[in-house]
Structures are given as structure tokens and as C-alpha cells.
Amino acid sequence: MRLPAVITAACLLSVLSVTAQRGSPDGLRLYVFDGGTLASADMSRYRLTASEVATTNMSVTCFLVRHPRGVLMWDAGAVPDASWTPTGRPELQHLTMPDGQMREVTITSRLLPQLMAAGVAPAAVTHLALSHYHWDHTANANAFAAATWLVRPVERDAMLAATPPALTQPSTYASLRGSRVTAITSDDYDVFGDGTVVIKIAAGHTPGHQVLFVRLPRTGAVVLSGDLYHYPEERALGRIPTFDADQAQTAAARQGIDAFLKRSGAQLWIQHDFTGSAKLRKAPAYYD
Ligand SMILES: [Zn+2]
């Protein structure tokens, strides 16, 4: 007579596992923000040709994780909010890197108003993490200087050096110099202590490049790529950008993250993937 009870319990468990991933708290949410479109002038930097990719455009995306124990901002865009005025139409912005390199971003919305529309004031952000130090990931970092900066020392030291690396915009993160810092010295860093939001080392693109794993209660597990890849074709064709700090390290990081994706069943969201990002629902909507 005990069998039906066991079966009932098993059915109940399977129903629960469909509605909520084990250990992921209700209230865990992932927001996606639109940071504009980056036009790539030179595909050879990615060891690709224009005919090998679906589009040469790249999306710029930033993310925010709301967890019962805190709020994590992941990346901060390519264009500082204060540097342009929205008109409601896409606006072309020309950015000049400190070394004179030019970049063009077409952008429609500022980042902080998108946060506010999602009900999050910048001061409510408790943790900031950047996938890496390149200019198109740091533009509004100063707005989160009151948060605890989760950063690998090798990355922070390079950012704040007297001569910062190429492709950085030091003025956009200068305020982080005074921020509270949690130095990440392990490959994995469990942000809220319950295994649902984990920063993972994926070095190579820059010395402290990292990706973000989020296990959502209903959507399931997602890995935000940083710049482990820019174009999905880099993954399909096995191409590594010429400007990665350590290309052999990138290859190893890709293998490691691929193995993790298989183990965890997580989806990979390539942050610069124009076609993939266009399909994501944007804040104030969210993934939970
Ligand atoms: Zn990038």
C-alpha cells in the first residue's frame, strides 16, 4: 500500500522541478539592457570574413541579477549616459579610444533610465562585476561605485595602472578606484553563497576575463559569455580574435566553459551576438 504514496511523491517532485530549479530562490530575476549596436569595421580582428557571418553587427548588452540577498550589475555598456542625449531614434555615436582608435555605436536608450524602469535605482546595486576591462563593457561603471566591485586583481591592477591596456576607457571607471573591492582569487566565485549566481574564470581575451552563470528558477541555467565569443561563428568555426591577450588561454577557456555547459545544461548567451540578443526580452521585462 506504500507504493502509491511513493509514486505520488515522485510525481509531486517532478512537477516541482519543472516549476522551480533546485535551490534557485523565488525572486531571482535576470534583466537584459540594450546598450546599442556596434559596427565592426575590421572582421580580420576576429579571424572571420564578412561572408562567414550572418551579420557583422554586434549587440552591446548589460545585465542585472536581482537575488533575495543582493543586486548584481554585470557589464556597464559602451556609451556613457552623460555623453549623449536620447531623441527616441537610434543615434550614431563616435567614440575615440585613448590610443586614437575609433569606434561607432548606434544607440537608442541610456542605461540608467532602463534600470530605473525595471525598478532598480543605481544605489540599490550591491555588487558590480565586469566581464573584462574593454571600453564596451565599462561605459557606465562609475554609476555603480558605491557597490562592492567583484574583480580579479590582475584585471583591476591593469585597469588602474598608470598606462592602462589598449581598448580601455579609464575615465568611465575612474570612480571604482575608491570602491569596496572583493578580490576574486578562485576560478569560481559564488556571489550570493547559494550556487545560483557564479562568476567563472574564462581568461585569455583579457588576463582576468570572466563569464557569469545564473541558475534561474523557471528559465533554467544561463551563462553570459562576456567576450569569450563575439560572433556565434567564432564558436562554430573555432576562430579566436587576433587581439586576445593570450590566444592559447582563450582556447583553453572555451574548452572549459563548453564542458561546463554540457555538465550544467546551461544555455550560452553570447553578449555581442546581434541576432541572439535581438530575441532576448529586454527590461523592464525579465527572466526568472
Ligand atoms: Zn566586448
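Rules used in this analysis
- Residues numbered from 1 in each chain as written.
- Predicted model: local features only at pLDDT ≥ 70, side-chain atom pairs only at ≥ 80, totals over all residues.
- Heavy atoms only, no water.
- Donors = N, O, S within 2.8 Å, 3.2 Å for Na, K, Ca; no water.
- Buried < 20%, exposed > 50% of the residue type's maximum accessible area, 1.4 Å probe, protein only.
- Helix = DSSP H or I, 4+ residues; strand = E, 2+ residues; numbered from the N terminus.
- Pairing = 2+ DSSP bridges.
- Right-handed = clockwise from strand over helix to strand, strands pointing away.
- 1 Å grid on protein atoms, 1.4 Å probe; cavity = no way out; pocket = protein on both sides within 12 Å on 5 of 7 lines; lining within 4 Å.
- Points joined across faces, edges and corners; volume = space filled by probe spheres on them.
- Nonpolar A, V, L, I, M, F, W, Y, C, P; charged D, E, K, R; others polar.

### Some details on the coordination of the zinc ion
Part 1: Donor atoms from the polypeptide that bind the zinc ion are Asp136 (OD), His137 (NE2), Asp227 (OD) and His272 (NE2), placed at 2.1 Å.
Part 2: On the basis of relative accessibility, which here comes to 7%, the residue Asp136 falls in the buried class.

### Comments concerning the pairing of strand 7 (residues 148–151)
Part 1: Side-chain alternation along strand 7 places Thr148 and Leu150 on one buried face and Trp149 and Val151 on a second face that is also buried.
Part 2: Of the strand pairs in this sheet, strand 6 (residues 127–129) and strand 7 are connected by 2 bridges, and their pairing is parallel. Each bridged residue has a counterpart across the sheet, and for Leu128 the counterpart in strand 7 is Trp149.
Part 3: Direction of pairing for strand 7 relative to strand 8 (residues 181–183): parallel, over a ladder of 3 bridges. Looking at the pairing, Val151 lines up with Ala183 of strand 8.
Part 4: Regarding the hand of the β-α-β motif, the stretch spanning strand 7, helix 3 (residues 153–159) and strand 8 is right-handed.

### Examining the layout of surface pockets
Part 1: Of the pockets and cavities examined, the largest pocket occupies roughly 280 Å³.
Part 2: Lining the largest pocket are 21 residues; nearest its centre among them are Leu38, Arg45, Tyr46, Arg103 and Trp135.
Part 3: When residues of the lining of the largest pocket are traced back to their parent elements, those giving at least two are strand 1 (29–39) and strand 5 (102–107).
Part 4: Among the residues making up the lining of the largest pocket, the classes are represented as 9 nonpolar, 6 polar and 6 charged.

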